[in-house]
Amino acid sequence: MKIHIIGGSGSGKTTLAQKLSEAYGIPHFDLDDLQWDNGSDRYGIRRDAKERDALLADLLKRDDWIIEGVYYAWCGQCFADADRIYLLNVPRAVYRYRIVRRFFRRKLGLEQGKKETLQSLRALLDWADRYQKVNMVEIRKLLEPYADKVIE
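Presented here is a report on the structure given in the accompanying data block. In every chain, residue numbers begin from 1 and rise along the written sequence. The predicted nature of this model means local features are confined to residues of pLDDT at least 70 and side-chain atom pairs, given and counted, to a pLDDT of 80 or more, with totals for whole chains, interfaces and linings taken over all residues. To obtain the side-chain values, all non-hydrogen atoms of the structure were used and water was disregarded.

Section: the overall build of the protein
Next up, step 1: A tally of regular secondary structure across the protein gives 6 helices and 5 strands.
Next up, step 2: Relative to the compact-globule value of 15 Å for 152 residues, the protein shows a C-alpha radius of gyration of 15 Å, a close match.
Next up, step 3: Across its three principal axes, the protein shows a C-alpha extent of roughly 40 × 30 × 30 Å.
Next up, step 4: Any residue under 20% of the maximum accessible area for its type is buried, any over 50% is exposed, and the rest in between are partly exposed; the area is computed with a 1.4 Å probe on protein chains only. Every one of the 152 residues in the protein was classed for burial, and the buried ones make up 41%.
Next up, step 5: By the convention used here, residues are in contact when the closest approach between their heavy atoms is within 4.5 Å. Long-range contacts, defined as pairs at least 24 residues apart, comprise 72% of the intrachain contacts of the protein with a sequence gap of at least 6.
Next up, step 6: Note on areas: these come from Shrake-Rupley sampling with a 1.4 Å probe, and a residue is covered only by the protein chains present in the view. Of the roughly 8900 Å² of accessible surface on the protein, a fraction of 51% belongs to carbon and sulfur atoms.
Next up, step 7: If you average the places of the 27 positive and of the 23 negative side-chain charges in the protein, the two averages end up 6 Å apart. A run of H or I in DSSP counts as a helix once it spans at least four residues, and a run of E counts as a strand once it spans at least two, with each numbered from the N terminus. Here the globule rule reads 2.2 Å times residues to the power 0.38, and the radius of gyration is calculated from C-alpha atoms. Counting rule for charge: Lys and Arg are taken as positive, Asp and Glu as negative, and neither His nor the chain ends is counted. To locate a charge, take atom NZ for lysine, CZ for arginine, CG for aspartate or CD for glutamate.

Structure, rendered in structure tokens:
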């Protein structure tokens, strides 16, 4: 089984991926780990695109996978290869609450995460709003050829 989960920040992608991974015994991969250099001492350092694409190509060779993330421009092969595509779309108040809650849980050491600051939190909230208004429209168009395997 190959499952792709896409949606904005705070939409529940990671939670759904973890639950499906546990239920079906399928490995779960977060596209953030491909996009961002998590070894950097600063938040928000992108990985080289060639390296990112090579890592994605390796994941797609697996027999089973659950891939989740906000990305779509460089994930065309993910959508083509997926047996199921979950498009998560939640109300603004819900995703904003989840983003802020996650920020504070990470700051309190209750959850593992990136090296976020109040400035990066504000930027993420603004980005999430733009994603919902602009990117979700593009994503829906991109997913039209795969309508038979998309679950929103």
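Here we look at the nonpolar core
Next up, step 1: Grouping buried Ala, Val, Leu, Ile, Met, Phe, Trp, Tyr and Cys residues that are joined through side-chain atoms within 4.5 Å yields what is termed a nonpolar core. Membership of the largest hydrophobic core comes to 24 residues, with the highest contact counts inside it found for Ile6, Leu31, Leu56, Ile67 and Ile139.
Next up, step 2: Put simply, the parts of the chain that give this core at least two residues each are α3 (49-60), β3 (65-69), α4 (76-81), β4 (84-88) and α6 (118-143).
Next up, step 3: When residues in this core are grouped by element, the largest group, 4 residues, is from α6.
Next up, step 4: Residues within four places of Ile6 in sequence aside, it is in contact with Lys13, Gly69, Val70, Tyr71, Tyr72, Phe79, Ile85, Tyr86, Leu87, Leu88, Tyr131 and Ile139.

Side note on the pattern of salt bridges
Here the idea is simple: oppositely charged side chains can pair when their charged atoms come close.
Next up, step 1: The term salt bridge refers to a pairing of a side-chain nitrogen on Lys or Arg with a carboxyl oxygen on Asp or Glu at a separation within 4 Å. Here the structure, examined in full by the defined rule, presents 7 salt bridges.
Next up, step 2: With a closest N to O distance of 2.9 Å, Arg52 and Asp53 form a salt bridge.
Next up, step 3: In this structure Arg52 comes out as buried when scored by relative accessible area, which is 12%.
Next up, step 4: Between Arg96 and Asp129 there is a salt bridge, with the nearest N and O atoms lying 2.7 Å from each other. Of this pair, Arg96 sits in helix α5 (residues 92-107) while Asp129 sits in helix α6; the two residues are 33 residues apart in sequence, bridging distant segments of the chain. In terms of burial, Arg96 and Asp129 fall into one category: buried.
Next up, step 5: Salt bridges linked by common partners bring Arg92, Arg96 and Asp129 together as one network.

Comments concerning a nonpolar patch on the surface
Next up, step 1: Each patch is built from residues that are more than 30% exposed by relative accessible area and take part in no salt bridge. Like charges join if they lie within 9 Å; nonpolar side chains (Val, Leu, Ile, Met, Phe, Trp, Tyr) join within 5 Å. A cluster of nonpolar side chains, namely Phe104, Leu108 and Leu110, defines an oily patch on the protein surface of about 340 Å² accessible area.
Next up, step 2: Mapped onto the secondary structure, Leu110 falls in the loop between α5 and α6.
Next up, step 3: A relative accessible area of 53% places Leu110 in the exposed class.

Some remarks on the packing of α5 against α6
Each pair of packed helices gets described by two things: the angle between the helix axes and the distance between those axes.
Next up, step 1: Between the N-to-C directions of two axes lies an angle of 0 to 180 degrees, each axis being a line fitted to C-alpha atoms and, for a helix, fitted only over the stretch in contact. Two numbers describe how α5 lies on α6: the axes approach to 11 Å, and their chain directions differ by 155°. When the axes of α5 and α6 are compared, the pair comes out roughly antiparallel. The hand of the α5/α6 crossing is right-handed. In this structure, α5 uses Arg92, Tyr95, Arg96, Ile99, Val100, Arg102 and Phe103 to contact α6, whose residues at the interface are Leu118, Leu121, Arg122, Leu124, Leu125, Ala128, Asp129 and Gln132. For this classification, under 35 degrees means roughly parallel, over 145 means roughly antiparallel, 65 to 115 means roughly perpendicular, and everything else is oblique. Crossing handedness follows the turn of the near helix against the far one: under a right angle anticlockwise gives a left-handed crossing, and clockwise gives a right-handed one.

Description of the sheet that holds β4
Next up, step 1: At least two bridges found by DSSP between two strands is the condition for calling them paired. Taken together, 5 strands build an open sheet; the order of strands is β2-β3-β1-β4-β5 and the sheet is parallel. In the strand order of this sheet, the two ends are held by β2 (28-30) and β5 (150-151), each with one partner.
Next up, step 2: The pairing of strand β1 (residues 2-7) with β4 spans 5 bridges and is parallel. Each residue of the ladder has a partner; that of Gly7, found in β4, is Leu88.
Next up, step 3: The strands touched by α6 within the sheet are β1, β4 and β5, with β4 carrying the most contacts at an inclination of about 160°.

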